[in-house]
Amino acid sequence: MPNERESAGPSNSDQGSEVSEAQIAVHWREEGYYYPTAKFIGQANASDPAIRERFSEEHFPECFREYADLLDWDQYWHTTLDTSNPPFWKWFVGGRLNASYNCVDRHLPKARNRAALIWVPEIESEETRTVTYGELYARVNEFAAVLKDFCGLKAGDRITFHMPMVPELPVAMLAAARLGVIHSEVFGGFSGAACGDRIADSDSHVLVTIDGYWRNGQVSDHKVKADEAIARAAELGGRIDKVLVWRRKQGEYLSDTPMVPGRDFFVDDLLKDYKDRIVEPVSMPAEAPLFLMYTSGTTGRPKGCQHSTGGYLAYVAGTSKFYQDIHPEDTYWCFADIGWITGHSYIVYGPLALGTTSVMYEGVPTYPDAGRPWRIAERLGVTTFHTAPTTIRMLRKLGPDEPTKYRYSFKHMTTVGEPIEPEVWRWYYDVVGKGEAAIVDTWWQTENGGFLGSTLPALQPMKPGSCGPGVLGVYPVIYDENGDEVPAGSGRAGNICIRNPWPGIFQTIWNQPDRFVQLYYEKYNRDKNSTDWHDWPYFAGDGAMKATDGYFRILGRVDDVVNVAGHRLGTKELESAALTVPEVAEAAAVPVIDELRGRVVEMYVSLKPGYSASAEMEDKVSKALEIQIGKIARPKSVWIVPDMPKTRSGKIMRRVIAGISNFGEVGDISTLANPDIVDTIRHHVQAKKLAQGDVGRELTKEEREEIEAYGSAD
Ligand code: PRX
């Protein structure tokens, strides 16, 4: 571990890492440390180094009592960690609690009038809405009454939300949690079809949506997606009985689609019958599922990550306290979408479990200009800021000096979701954080519930581009393909794994327990009959390197998942969407390095005989991705090619086209059945790119390796 000394600025010291990564990572040299300010350390929740000792391996798993004790339990647990049915770990067994009670009710005696949520609408002239803990309590109870009495939902049932960033979303989540109903929120930007897939998979019979919302200065009709979702779910054998439609503006209806009598109901109408109703929180076993969060994997079918009530809530409360350094009196703004795991854990459950004020923003970061976030921060007195590298890159590009024009002052900032380039990190630190805010670069995944890798902000210095060591009670390791440990400072990358279970880990993939075991544990399992957790390392699917100081640098996915602007899109998912176009015979999606969004997707398709390439056909493919998945899946380019490069067994060699798209190497093509096609495609694609002014750029060593390995997981 680096020295824990204090200084306001960067240090060039390499403290113990001279031999390490500098030699290999030519483009990304070993960075110096940055230290938190004395002011930050003075107020930090975790400022006593003894905390690391308390969470050391010899105190595992009992160390996590400290997290669980942040919650109110109806019944205390008898077993902290049950490993009897690996890798289906059970945490805090015997305990009972309610998540809604923990995020709302228990704060009332002290904080009834404190803002729980501050909602900022995208339109700047529209009024900001504050929901105090007292109001949140009333609204959660009333909506819980609707779910219980009007919809007939009970503990263990599933409910799907397809909601954008409006306060009605956390209200709905907490209302479901109050009843023990398992919620499944589908990111609002996803298409109706994507929502329908998730409705069918989770077997939800109630859908909660909204008529419309503001996005980039436009009203987006959202209710229309509910109709599409229900149609898609029905094709898959699913059934929705009731659609509850919130209204973005009282008395208006922002959608063009009609309400279906007997199926669609305006929530504001329903609530009239449930005014001031109180619904007792249902005391749930710690192991009861709290929610499902779907994510992309290597196959087309999305994975419903099932998160528990007790373990999850304890984990997000603990990490929010020690890593986000949240205090009840803070104004905390996580600029993510609640439709992703980051929003669940670090807009809703973690911050509200700690009784703080959580800010929600409806729109895009740069609307109407790149000064918007900083105006919001100044006006609301935001103390703590949390966002993704993509947003930081975009704000840096469009308004590099904007933060200096506003008098906000952050004490703490987070970056999450993708690797952050050191120069982007430095802009975040110097300009956004004004050299005052401590930064945590938090590495984790939908599956994990909360952070896996990060520095403790007052105790471990920051290093641009590295997330830091494993978090408290989480012991990562890097294995090579043979299961041998890749040592720290070796300069070699490998597969980052977590050696131990932790309370936030998902319980399973909804209805797919075999896939859960196979995808996350089979690779490095030492003995499938063992009930010793040491034999079950968790395989994260990320490539990483460890420096001699114990800090990890995450390089990106090792499977066929493309991380677009911090959002995971599965190759197969993208390809199946392209194949819904009747003229398309074959499709292959590849990642392309992008300065703003990290990675973007380019889609290669070949057409069935009798059809020829045209701009209309390209649009059709692009549109298909938007319809099947959502706007975030829209490819940067669609390349219609006469044939795909294939092996003799007919497998599409994605690394070859990925190389072409990135102006990189195509590697060995001697095993192809049709090697001549490579030059044809290269000429076609690169000539068009050059004509559009896209000349690519030299790839770093890690990027090259990623592209050259792309598709090898098939
Ligand atoms: O590749 C890693 C990358 O995002 C993936 C997880 O994506 P998702 O499940 O959508 O969750 C995103 C928010 C938790 C990881 O497998 N990733 C996440 N955080 C970082 C990161 N890569 C580098 N640095 C990070 N801090």
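Above this note sits the structure.
Residues numbered from 1 in each chain as written. Predicted model: local features only at pLDDT ≥ 70, side-chain atom pairs only at ≥ 80, totals over all residues. Heavy atoms only, no water.

1. Looking at the site of the ligand
Okay, step 1: In the vicinity of the ligand lie 18 residues, with Asp441, Thr442, Thr446, Asp542 and Arg557 positioned nearest.
Okay, step 2: Separating a nitrogen atom of the ligand from a side-chain N or O atom of Asp441 is a distance of 2.7 Å.
Okay, step 3: Residue Asn563 places a side-chain N or O atom 3.2 Å away from an oxygen atom belonging to the ligand.
Okay, step 4: Sorting the residues of the shell around the ligand by element identifies α12 (341-353), β20 (438-442) and β25 (552-557) as the ones contributing at least two each.
Okay, step 5: The class makeup of the residues in the shell around the ligand is 6 nonpolar, 7 polar and 5 charged. (Near = heavy atom within 4 Å. Polar contact = N/O pair within 3.5 Å; in protein donor to acceptor, adjacent residues only side chain to side chain. Helix = DSSP H or I, 4+ residues; strand = E, 2+ residues; numbered from the N terminus. Nonpolar A, V, L, I, M, F, W, Y, C, P; charged D, E, K, R; others polar.)

2. Some points on the side chain of Thr319
Okay, step 1: Structurally, the position occupied by Thr319 is in helix α11 (residues 310-322).
Okay, step 2: By relative accessible area, Thr319 is classed as buried at 0%.
Okay, step 3: A distance of 2.6 Å separates polar atoms of two side chains, one belonging to Thr319 and the other to Tyr346.
Okay, step 4: Excluding anything up to four places from it in sequence, Thr319 contacts Tyr67, Gln324, Tyr346 and Phe451. (Buried < 20%, exposed > 50% of the residue type's maximum accessible area, 1.4 Å probe, protein only. Contact = heavy atoms within 4.5 Å.)

3. Considerations on unusual backbone geometry
Okay, step 1: The peptide bond linking Phe60 to Pro61 adopts the cis configuration, its omega dihedral lying at 0°.
Okay, step 2: Relative to the assigned elements, Pro61 resides in the loop between α2 (50-54) and α3 (65-68).
Okay, step 3: The omega torsion of the bond from Tyr367 to Pro368 falls at -5°, within 30 degrees of zero and hence cis.
Okay, step 4: In this fold, Pro368 is placed in the loop between β17 (357-361) and α13 (372-380).
Okay, step 5: With a phi angle near 60°, Asp276 is a residue other than glycine that sits in the positive phi range.
Okay, step 6: Looking at the secondary structure, you find Asp276 in the loop between α10 (267-271) and β13 (284-285).
Okay, step 7: Judged by relative accessible area, Asp276 falls into the exposed class, the value being 57%.
Okay, step 8: Backbone geometry places Asp325, a non-glycine residue, at a positive phi of 50°.
Okay, step 9: Note on placement: Asp325 falls in the loop between α11 and β16 (331-334).

4. What to know about the sheet that holds strand β14 (residues 289-295)
Okay, step 1: What the 8 strands build is an open sheet, ordered β12-β11-β8-β6-β7-β14-β15-β23; its pairing is mixed. Every interior strand has two partners, whereas the edge strands, β12 (264-266) and β23 (508-509), have only one.
Okay, step 2: Judged from the 2 bridges that link them, strand β15 (residues 303-308) and β23 form a sheet pairing that is antiparallel. If you follow Cys305 over to β23, its bridge partner there is Ile509.
Okay, step 3: Relative to the sheet, helix α6 (residues 133-150) contacts β6 (158-161), β8 (206-210), β11 (242-246) and β12, its axis offset from that of β11 by approximately 160°.
Okay, step 4: Contacting β8, β11 and β12, helix α9 (residues 223-235) crosses the sheet at an angle of about 155° to β8. (Pairing = 2+ DSSP bridges. Axes fitted to C-alpha atoms, helices over the stretch in contact; angles between N-to-C directions.)

5. Some words on the pairing of strand β29 (residues 598-607)
Two faces belong to every sheet, and in a regular strand the side chains alternate between them.
Okay, step 1: For β29, a buried count of 10 out of 10 residues is recorded, marking the element as mostly surrounded by other parts of the structure.
Okay, step 2: Where β29 and strand β30 (residues 637-640) come together, 4 bridges link them in parallel fashion. Considered in β30, the bridge of Met603 is made with Val638.
Okay, step 3: Crossover handedness for the path β29 to helix α18 (residues 615-628) to β30: right-handed. (Right-handed = clockwise from strand over helix to strand, strands pointing away.)

6. Side note on the sheet that holds strand β21 (residues 476-479)
Okay, step 1: One open sheet accounts for 4 strands, arranged β21-β22-β24-β25; its pairing is antiparallel. At either margin of the open sheet sits one strand with a lone partner, and together these are β21 and β25. Strand after strand, the sheet turns through a mean of 45° between neighbouring axes, direction not considered.
Okay, step 2: The pairing of strand β22 (residues 494-498) with strand β24 (residues 538-546) spans 4 bridges and is classified as antiparallel. When the sheet's bridge partners are listed, Cys497 is paired in β24 with Phe539.

7. Structural notes on helix α8 (residues 192-202)
Okay, step 1: Of all 11 residues that make up α8, 10 are buried, and the element is covered over most of its length.
Okay, step 2: Those residues of α8 that sit buried are Gly192, Ala193, Ala194, Cys195, Gly196, Arg198, Ile199, Ala200, Asp201 and Ser202.
Okay, step 3: Structurally, α8 contributes buried residues whose contacts are with β6, β8, α9, β14, α17 (571-578) and α18.
Okay, step 4: Once α8 ends, the next one or two residues include Asp203, with phi positive near 55°.

8. Re the pairing of β24
Okay, step 1: Within β24, 8 of the 9 residues are buried, which leaves it mostly tucked inside the rest of the structure.
Okay, step 2: For β24 and β25, the ladder comprises 5 bridges, and the chain directions are antiparallel. In the sheet register, Gly543 faces β25, and the bridge partner there is Gly556.
Okay, step 3: Between the antiparallel neighbours β24 and β25 lie 5 residues, among them Gly550 with a positive phi of about 90°.

9. Side note on the environment of Val359
Okay, step 1: Looking at the secondary structure, you find Val359 in strand β17.
Okay, step 2: Judged by relative accessible area, which is 0%, Val359 ranks as buried.
Okay, step 3: As for Val359 and Gly339, which are separated by 20 residues in sequence, their C-alpha atoms are 15 Å apart.
Okay, step 4: The contact partners of Val359, leaving out residues within four places of it in the chain, are Ile118, Val120, Thr331, Tyr332, Trp333, Cys334, Ile347, Leu380 and Val382.

10. Details of the packing of α6 against helix α7 (residues 168-179)
Okay, step 1: Orientation of α6 relative to α7, taken along the N-to-C sense of each, is 60°, at an axis distance of 8 Å. As judged from the angle between their axes, α6 and α7 are oblique. Both α6 and α7 take part in a crossing whose hand is right-handed. Contact with α6, carried on its side by Leu136, Tyr137, Arg139, Val140, Asn141, Phe143, Ala144, Leu147 and Lys148, involves Glu168, Val171, Ala172, Leu174, Ala175, Ala176, Arg178 and Leu179 of α7 and no other residues of that element. (Parallel < 35°, antiparallel > 145°, perpendicular 65-115°, else oblique. Left-handed = near helix turned anticlockwise from the far one by under 90°.)

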